[in-house]
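One letter stands for each residue in the lines below.
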Amino acid sequence: MTDGPDHDGPAPDVPPGWAPNQPPAYGGAPGSWAAPGATGDTPPPPPPPPYGQHPGGPQYGGQQYGGQQYGQQQYGQQYGPPYGQPYGPGPQGFRPPPQAPRPGIIPLRPLALGDILDGTIKMVRSNPKATLGLSAIVAAITTLPVSVGQAIYLRSFGDALTDPEMADPSSALGGMAAQLVGTLISLALTFVATTILTGVLTRVLGRAVFGGRITVGEAWRLTRRRVPALFGLVVLEGLILIVPALLIVGLVVALGASGALDGTADSSTGALGAFFGLMVLFIVIYIPYALFFTTKFALAAPAVVLEGRGPTDAMSRSWRLVKGDSWRVLGILLLTGLLVGIIGSVLSFPFSFAGTLIGVAAGSSAGTAVIVTILTTIGGTLSSMITYPFQAGVNGLLYADRRMRAEAFDLVLRSAAAQNQTQGWVHASVDDLWDPSNAAAAGAGAAAYGAHDTGGAQGTSGTHPFGPGS
């Protein structure tokens, strides 16, 4: 007797020998049967759910909104690519612009202000002997005469302070004359030495753009043929800037000789008004005049050295390159002058102050004059050793920047950089690439890389293939 329904025999669809009430197969539908070893159409059972998760879906709190499991992303882990690596193509296929090659001190694309200043510092660091060493020699030679004159003047001034009653007026006049003569000698030496130094440093910069180095001897050998043209350029620029100032000074002298500036009781008001009128004339007219021509001719020296042009041709070349970008060039020149002035003052002030203090307080001995001369010379040398290459580097890189913007010259530079990388070294023939004939070849291939900013030539602008340069 068995348990089962109220009928004899096994239940329908029950194998012989099995109990009539069998449980359904695991994973099958209720009421279905599965014999041991049967293959049937029943799908395999799914795996059991993880601990703590309901079979019908994820447990609240087990998965973060948006599909990210809680705790999977560690706190502080960076999202996106590491810093400095470009992002991949975006959902719309956007790719960032390619990076410009940088074989030397600057990237081969139109330069921003930071690129110019950074490139100047890199030029000094990569060629210390040809920049700092040569500048120190030139600065010491040009500073020595004015230092001797100042020492003699302070010596005579110290005597007057020590014993005013016994002071000799001729000694004070002699000290003033010595300082004046020393200043004039220093100015003449500075004119000669800085002109040559500018040419040498420009040649050093022309090679450093490609990542090459150059010795002082090689730089001088390449520059000495351009020294007469550099002197002619400096003379012409000096005449353009100095003649108007001399005219204003002559006008003041003429007014003084005619008695218009006499300080009598009747004419004091008129004299004061004439004096202030001349000062306003100087500020309103001459200073803008000087800044205008200084900006227009700022790139003439690099054109003389790197392109082999004459003085007047180099001035015309600088005028064309600066055209359309005069305000930017002026701003960079003014900022450079401010930085150079601050750095030079900081370096020279301790030595100049110590020399002046010793010269006034220590009396009129020969040893005092020697100490004052040495201290003043050291201060002037340290100041000029930094300022000379910095100014030459900024002017040279401004020249390169304007050629890249106006003539697509960076295409020539990149082609040469690729060739230098292939051969593994920088050949001296890269100096010939600064010739202006290469600008036409670069301009012909500019369409393959996109339009350049040609504001210096035509006054139009475009998008550079390596992004904006400013």
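Residues numbered from 1 in each chain as written. Predicted model: local features only at pLDDT ≥ 70, side-chain atom pairs only at ≥ 80, totals over all residues. Heavy atoms only, no water.

**Details of the overall build of the protein chain**
Across its full length, the protein chain carries 12 helices and 0 strands. Of the regular secondary structure in the protein chain, the N- to C-terminal order runs α-α-α-α-α-α-α-α-α-α-α-α. Taking all 470 residues of the protein chain together, 35% fall into the buried category. Contacts spanning at least 24 positions in sequence make up 72% of the contacts within the protein chain whose residues lie at least 6 apart. Of the roughly 27,200 Å² that the protein chain leaves accessible, carbon and sulfur atoms contribute 65%. (Helix = DSSP H or I, 4+ residues; strand = E, 2+ residues; numbered from the N terminus. Buried < 20%, exposed > 50% of the residue type's maximum accessible area, 1.4 Å probe, protein only. Contact = heavy atoms within 4.5 Å. Areas by Shrake-Rupley, 256 points an atom, 1.4 Å probe, with all protein chains shown as cover.)

**Details of the confidence of the model for the protein chain**
Per-residue pLDDT for the protein chain has a mean of 74; in total, 62% of the residues score no lower than 70. Averaged pLDDT values for the elements of the protein chain fall to 54 in helix H12 (residues 437-444) and rise to 94 in helix H8 (residues 311-322). pLDDT under 50 marks residues 440-470. Its contacts with residues more than four places away, or in other chains, come to 70 contacts. (pLDDT = per-residue confidence, 0-100.)

**Quick word on the packing of aromatic side chains**
Taken as a whole and assessed by the stated rule, the structure comprises 12 aromatic pairs. Note on Phe-293 and Phe-297: the rings are 5.9 Å apart at their centroids and 40 degrees apart in plane angle, and the pair reads as tilted. Given the relative accessible area of 12%, Phe-297 is considered buried. Joined through ring pairs, the aromatic side chains of Tyr-286, Tyr-289, Phe-292, Phe-293, Phe-297 and Trp-319 make up one cluster. Stacked on the ring of Trp-319, the Lys or Arg Lys-296 has its end atom at 5.2 Å from the ring centre. Here Arg-403 stacks its cationic end above the ring of Phe-409, 4.0 Å away from the centre of that ring. (Phe/Tyr/Trp six-rings, centres within 6.5 Å; stacked < 30°, edge-to-face > 60°. Lys NZ or Arg CZ within 6 Å of the ring centre and 35° of its normal.)

**What to know about the pattern of salt bridges**
Any two side chains of opposite charge can pair if their charged atoms end up close together. Taken as a whole and assessed by the stated rule, the structure comprises 16 salt bridges. Note that Arg-309 is salt-bridged to Asp-313, the shortest N-O span being 3.0 Å. The buried category is assigned to Arg-309, whose relative accessible area is 14%. A salt bridge links Arg-317 to Glu-407; the nearest nitrogen and oxygen atoms lie 2.7 Å apart. Of the two residues, Arg-317 sits in helix H8 while Glu-407 sits in helix H10 (residues 366-407), which places them 90 residues apart along the sequence. Each member of the pair, Arg-317 as well as Glu-407, carries the same accessibility label: buried. One salt-bridge network, in which partners are shared between bridges, spans Glu-307, Arg-309, Asp-313, Arg-317, Arg-403 and Glu-407. (Salt bridge = Lys/Arg side-chain N within 4 Å of Asp/Glu carboxyl O.)

**Digging into helix H4 (residues 216-223)**
Side chains of residues three or four places apart in an α-helix project in the same direction, reflecting 3.6 residues per turn. Those residues of H4 that sit buried are Ala-219, Leu-222 and Thr-223. Each buried residue of H4 lies within a common arc of 95 degrees when the element is viewed along its axis, so the set occupies one face. (Arc of directions from axis to C-beta.)

**Remarks on the UniProt feature "transmembrane region" (unreviewed entry) in the protein chain**
Mapped onto this numbering, the UniProt entry annotates "transmembrane region" (unreviewed entry) at residues 132-153, 173-206, 227-255, 275-306, 327-347 and 353-375. Note that residues 132-153 is 100% helix and 0% strand, and that its end C-alpha atoms are spaced 31 Å apart. (UniProt positions renumbered as here; feature names shortened; annotations may be inferred.)

**What about a nonpolar patch on the surface?**
Among the surface-exposed residues, Leu-251, Val-280, Leu-281, Phe-282, Ile-283, Val-284, Ile-285, Ile-287, Leu-291 and Leu-334 lie close enough to one another that they form a single nonpolar patch of about 810 Å² accessible area. Here the nonpolar patch gets 8 residues from one element, more than from any other, and that element is helix H6 (residues 268-296). (Patch = residues over 30% accessible without salt bridge, like charges linked within 9 Å, V, L, I, M, F, W, Y side chains within 5 Å.)

**Some thoughts on the side chain of Thr-143**
Inspection of the secondary structure puts Thr-143 in helix H2 (residues 128-162). According to the relative accessible area criterion, Thr-143 is buried, its value standing at 9%. Polar contacts involving the side chain of Thr-143 include one to the main-chain carbonyl oxygen of Ala-139, which spans 2.5 Å. (Polar contact = N/O pair within 3.5 Å; in protein donor to acceptor, adjacent residues only side chain to side chain.)

**Here we look at helix H1 (residues 113-126)**
Taking 1.5 Å per residue, 14 residues should reach 20 Å; H1 reaches 20 Å between its end C-alpha atoms and fits that length. Those residues of H1 not exposed but buried are Asp-115, Ile-116, Leu-117, Gly-119, Thr-120, Met-123 and Val-124. (Expected span 1.5 Å × (residues − 1).)

**Some points on the side chain of Asp-401**
Turning to its location among the elements, Asp-401 is positioned in helix H10. A polar side-chain atom of Asp-401 sits 2.7 Å from the main-chain amide nitrogen of Leu-111. At a separation of 2.8 Å, a polar atom in the side chain of Asp-401 contacts the side chain of Arg-328. In this view, Asp-401 contacts Pro-110, Leu-111 and Arg-328; residues no more than four positions away in its chain are not counted.

**Describing the packing of helix H7 (residues 300-307) against H8**
Relative orientation of the contacting elements H7 and H8 amounts to 120 degrees, with a least axis distance of 8 Å. As judged from the angle between their axes, H7 and H8 are oblique. Considering the relative orientation of H7 and H8, their crossing is right-handed. Along the contact surface, H7 presents Ala-300, Ala-303, Val-304 and Glu-307, while H8 presents Ala-314, Met-315, Arg-317 and Ser-318. Partitioning the contact of H7 with H8 into residue classes produces 5 nonpolar, 1 polar and 2 charged. (Axes fitted to C-alpha atoms, helices over the stretch in contact; angles between N-to-C directions. Parallel < 35°, antiparallel > 145°, perpendicular 65-115°, else oblique. Left-handed = near helix turned anticlockwise from the far one by under 90°. Nonpolar A, V, L, I, M, F, W, Y, C, P; charged D, E, K, R; others polar.)

**Things to note about the environment of Thr-143**
Taking the C-alpha atoms as reference points, Thr-143 and Thr-377, 234 residues apart in sequence, are found 5.7 Å from one another. Filtering out sequence-adjacent residues up to four positions away, Thr-143 remains in contact with Ser-186, Thr-376, Thr-377, Gly-380 and Thr-381.

**With respect to the environment of Met-385**
Looking at where Met-385 falls in the secondary structure, it is placed in helix H10. On a C-alpha basis, the gap between Met-385 and Ser-135 in space is 4.8 Å, while along the polypeptide they are 250 residues apart. Those residues in contact with Met-385 that sit more than four places away from it in its chain are Leu-132, Ser-135, Ala-136 and Ala-139.

**Remarks on the environment of Leu-108**
Structurally, Leu-108 can be placed in the segment before H1. Separated by 309 residues in sequence, Leu-108 and Ala-417 have C-alpha atoms that sit 9.0 Å apart.

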